[in-house]
Structure formats: structure tokens, C-alpha cells
Amino acid sequence: MRIAVGSDHGGFKLKTELLKFLKASGHRPRDFGTFSEESCDYPVFAAAAAKAVASGRFPRGVLICRTGIGMVIAANKVRGVRAAVIHDEACAVSSRKHNDSNIAVFGSRFIKPDKAKKILKIWLKTRAAGGRHRRRVSQIERIK
Ligand code: RB5
């Protein structure tokens, strides 16, 4: 799967690990930056990856900052993006089944790389449930 990946300096190390993991798992991640641990502004990278997902070129995205909060706020400004901060396996499943999330957001302060990889694997393979959940996602899409 083509996956748009981005982070700020706070998420850079975890992003590097997740990019390796995604490639080793047969996915095609594209790194939208940042490219070092030098201090930078997370909205820049959230916007780049989120726009790539909204365009349809990348069915999914992954964003990382220190808390996950800045990234999720910024990414959800882009129409068509449903970004969710994910802390555990249950959030991964629910954000896919119920919310059809298309960007997984991690807070590097709160999650270890091995756990993030485990969660990401689940998030990537879980399908949106449809039915009443699709109706609710459509309601979200109509909010102006
Ligand atoms: C950077 O220090 C930090 O603010 C950022 O990584 C993120 O946690 C913002 O929400």
C-alpha cells in the first residue's frame, strides 16, 4: 500500500523506525519529512502528508509528533482526512472499523517503537465496517 508518512523533529526517530518497518512489510511509504531532528513546525509536515492522502494518491498516512495532538489537529483541517491518535490495539481497530480513519497519528512520548509497529500492522489490515458507521462518517464529511 502507498502510505504518506510525516513527522516533526519530535517524531523523527520513531518515523525512521516505522518507515523501515513499512518497507520490510511490503508497503510503499513516502517520507514527506522532516528529515532531521532539527526543530521544525509540525503543521508543515501534517499538511504535506494529509494533502497527499486527501488527493487519493496515498490511501493511508502516518503522522508522528511528540504528543500526536498537533499533528491530528492540523491533519484534520484537510478535507477528506480522518486522522486519529492511536495509543493501543483497540484504538487501531475502532478507528478503522467505526471511523474509517485514513491517517494514524502517534505521539512518540507515549509509545515505544515495537508497540507502534504492532498497532500499525493492525490498523493497516482492519477494514471499515460500513452500515451505521458509514452513515456517521458521511455525516462527518458533510460538516462545514
Ligand atoms: C514539539 O516540541 C511538540 O510541540 C510537537 O512535537 C507536538 O507534540 C505538538 O503537538
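Residues numbered from 1 in each chain as written. Predicted model: local features only at pLDDT ≥ 70, side-chain atom pairs only at ≥ 80, totals over all residues. Heavy atoms only, no water.

Undergrad: Honestly, the pattern of salt bridges in this entry has me stumped. Any pointers?
TA: Pairs can form between side chains of opposite charge once their charged atoms are near each other. For the coordinates displayed, the defined rule picks out 10 salt bridges. Among the salt bridges present, the one from Arg 82 reaches Glu 141, with a minimum N-O distance of 3.2 Å. Here Arg 82 is found in the loop between helix 3 (69-75) and strand 4 (83-85), whereas its partner Glu 141 is found in helix 6 (residues 132-142), with 59 residues between them in sequence. Residue Glu 141 is classed as partly exposed on the basis of its relative accessible area, which comes to 34%. A network of salt bridges, in which partner residues are shared, links Arg 82, Arg 96, Asp 100, Arg 134 and Glu 141. (Salt bridge = Lys/Arg side-chain N within 4 Å of Asp/Glu carboxyl O. Helix = DSSP H or I, 4+ residues; strand = E, 2+ residues; numbered from the N terminus. Buried < 20%, exposed > 50% of the residue type's maximum accessible area, 1.4 Å probe, protein only.)

Undergrad: How do you make sense of the packing of aromatic side chains when you look at a structure like this?
TA: Scanning all chains against the criterion turns up one aromatic pair. Between Phe 32 and Phe 58 the ring centres are 5.6 Å apart and the planes differ by 80°, which places this aromatic pair in the edge-to-face class. Residue Phe 32 is found in the loop between strand 2 (28-31) and helix 2 (42-54), and its partner Phe 58 is found in the loop between helix 2 and strand 3 (60-65); the two are separated by 26 residues along the sequence. Residue Phe 58 is classed as buried on the basis of its relative accessible area, which comes to 1%. The ring of Phe 35 carries the charged tip of Lys 15 above its face, separated from the ring centre by 5.4 Å. The ring of Trp 123 carries Arg 60 above its face, with NZ or CZ at 4.7 Å from the centroid. (Phe/Tyr/Trp six-rings, centres within 6.5 Å; stacked < 30°, edge-to-face > 60°. Lys NZ or Arg CZ within 6 Å of the ring centre and 35° of its normal.)

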